[in-house]
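Listed below are the residues making up each chain.
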Amino acid sequence: MKPTRKALEGLFQRLYDHYGPQHWWPADSPFEVMVGAVLTQNTAWINVERAIDNLRQADLLDPAAMAGLAPEQLALHLRPSGYFNIKAKRLQSLCRWLLSRDDPEQLATDSLREQLLSVHGIGPETADDILLYVYERPVFVIDAYTRRLFSRLGLLDGELAYEKLRAAFEQTLPPDVEMFNEYHALIDHHAKQVCRPKPLCGACFLQRMCQWKGQSQTANLLTRP
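These notes cover the structure that comes with them. (Residues numbered from 1 in each chain as written. Predicted model: local features only at pLDDT ≥ 70, side-chain atom pairs only at ≥ 80, totals over all residues. Heavy atoms only, no water.)

**Overview of the pattern of salt bridges**
In a structure, side chains of opposite charge can pair up when their charged atoms sit close to one another.
Part 1 of the argument: Per the counting criterion, the structure on display carries nine salt bridges.
Part 2 of the argument: A salt bridge links Arg5 to Glu9; its shortest N-O distance comes to 2.9 Å. Taken together, the residues span about one helical turn, with Arg5 and Glu9 both in helix H1 (residues 5-19) at a distance of four residues.
Part 3 of the argument: With relative accessibility at 45%, the residue Arg5 sits in the partly exposed group.
Part 4 of the argument: Overall, the relative accessible area of 29% leaves Glu9 in the partly exposed class.
Part 5 of the argument: Here Arg166 and Glu170 are joined by a salt bridge, their closest N and O atoms 3.1 Å apart. Of the two residues, Arg166 and Glu170 are both situated in helix H10 (residues 162-170); the distance of four residues between them amounts to about one turn of the helix.
Part 6 of the argument: What makes Arg166 buried here is its relative accessible area of 14%. (Salt bridge = Lys/Arg side-chain N within 4 Å of Asp/Glu carboxyl O. Helix = DSSP H or I, 4+ residues; strand = E, 2+ residues; numbered from the N terminus. Buried < 20%, exposed > 50% of the residue type's maximum accessible area, 1.4 Å probe, protein only.)

Listed below in structure tokens is the structure:
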């Protein structure tokens, strides 16, 4: 199952017309985007914001300052984001990678992605967040919201491996950084607001094109007392 360019561009336009630009990724610096990309693993964004506020107040939103801190001290600032000891080690690994590179921006996208994936704790989704939002490379970020929305719409198999899903978007759409940025943000916004684990189908402006609506209505009938 591979969506057509017309289907992907049409969905993007519907989301954009309905919600407008999302101005994502919210951050004051490229390094703060990187920090957010690591901290958002397995937690809600509101918790990431609290941890970043802690780092900002402690003057730690700097690779050298963060790398020079004892891991347990850094972890204290990250407590709101959960898994703070693990995330402290991951952030410091990323900081050491940054400090050891003269100019990562000069690397080709594939090489830069490979280097990011070699950093402890940086998986495909986090690497692609950084590539798209920091280095402005045309990579499509796949997350749980993307899997949920596109599988419910019947456009993609949400169980496919990460790289196959990423390729489905990148091979179908033109390599447009601005569009990929907005598309990812709009998908996440819609999935958080409407297409939740228990979807609000009645409030969804995409319900006419959605395959899940019929399934959810059938499920509701079967579970009624």
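Next comes the rest of the account.
**Focus: a negative patch on the surface**
Part 1 of the argument: On the surface, Asp102, Asp103, Glu105 and Glu136 cluster together into a negatively charged patch.
Part 2 of the argument: Positionally, Asp103 belongs in the loop between helix H6 (84-100) and helix H7 (109-117). (Patch = residues over 30% accessible without salt bridge, like charges linked within 9 Å, V, L, I, M, F, W, Y side chains within 5 Å. Areas by Shrake-Rupley, 256 points an atom, 1.4 Å probe, with all protein chains shown as cover. Lys, Arg positive; Asp, Glu negative; His and termini not counted. Charge placed at Lys NZ, Arg CZ, Asp CG, Glu CD.)

**Focus: helix H2 (residues 30-39)**
Part 1 of the argument: Within H2, nine of the ten residues are buried, which leaves the element mostly enclosed by the surrounding structure.
Part 2 of the argument: In the core, the buried residues of H2 are packed alongside helix H3 (45-57), helix H4 (63-67), H6 and helix H8 (124-133). (Contact = heavy atoms within 4.5 Å.)

**Some remarks on the nonpolar core**
Nonpolar side chains tend to gather and get buried jointly when the protein is soluble and globular.
Part 1 of the argument: Ranked by size, the top nonpolar core spans 63 residues in total, and within it Leu39, Leu116, Phe150 and Tyr183 carry the most contacts.
Part 2 of the argument: The greatest single-element share of this core, amounting to seven residues, is contributed by H2. (Core = buried A, V, L, I, M, F, W, Y, C linked by side-chain atoms within 4.5 Å.)

**Details of the side chain of Glu32**
Part 1 of the argument: Within the secondary structure layout, Glu32 lies in helix H2.
Part 2 of the argument: Residue class for Glu32 comes out buried when judged on its relative accessible area of 7%.
Part 3 of the argument: One polar contact links Glu32 to Arg56, side chain to side chain, over a distance of 2.9 Å.
Part 4 of the argument: Setting aside anything within four residues of it in sequence, one finds Glu32 in contact with Pro26, Ala27, Ile52, Arg56 and Leu61. (Polar contact = N/O pair within 3.5 Å; in protein donor to acceptor, adjacent residues only side chain to side chain.)

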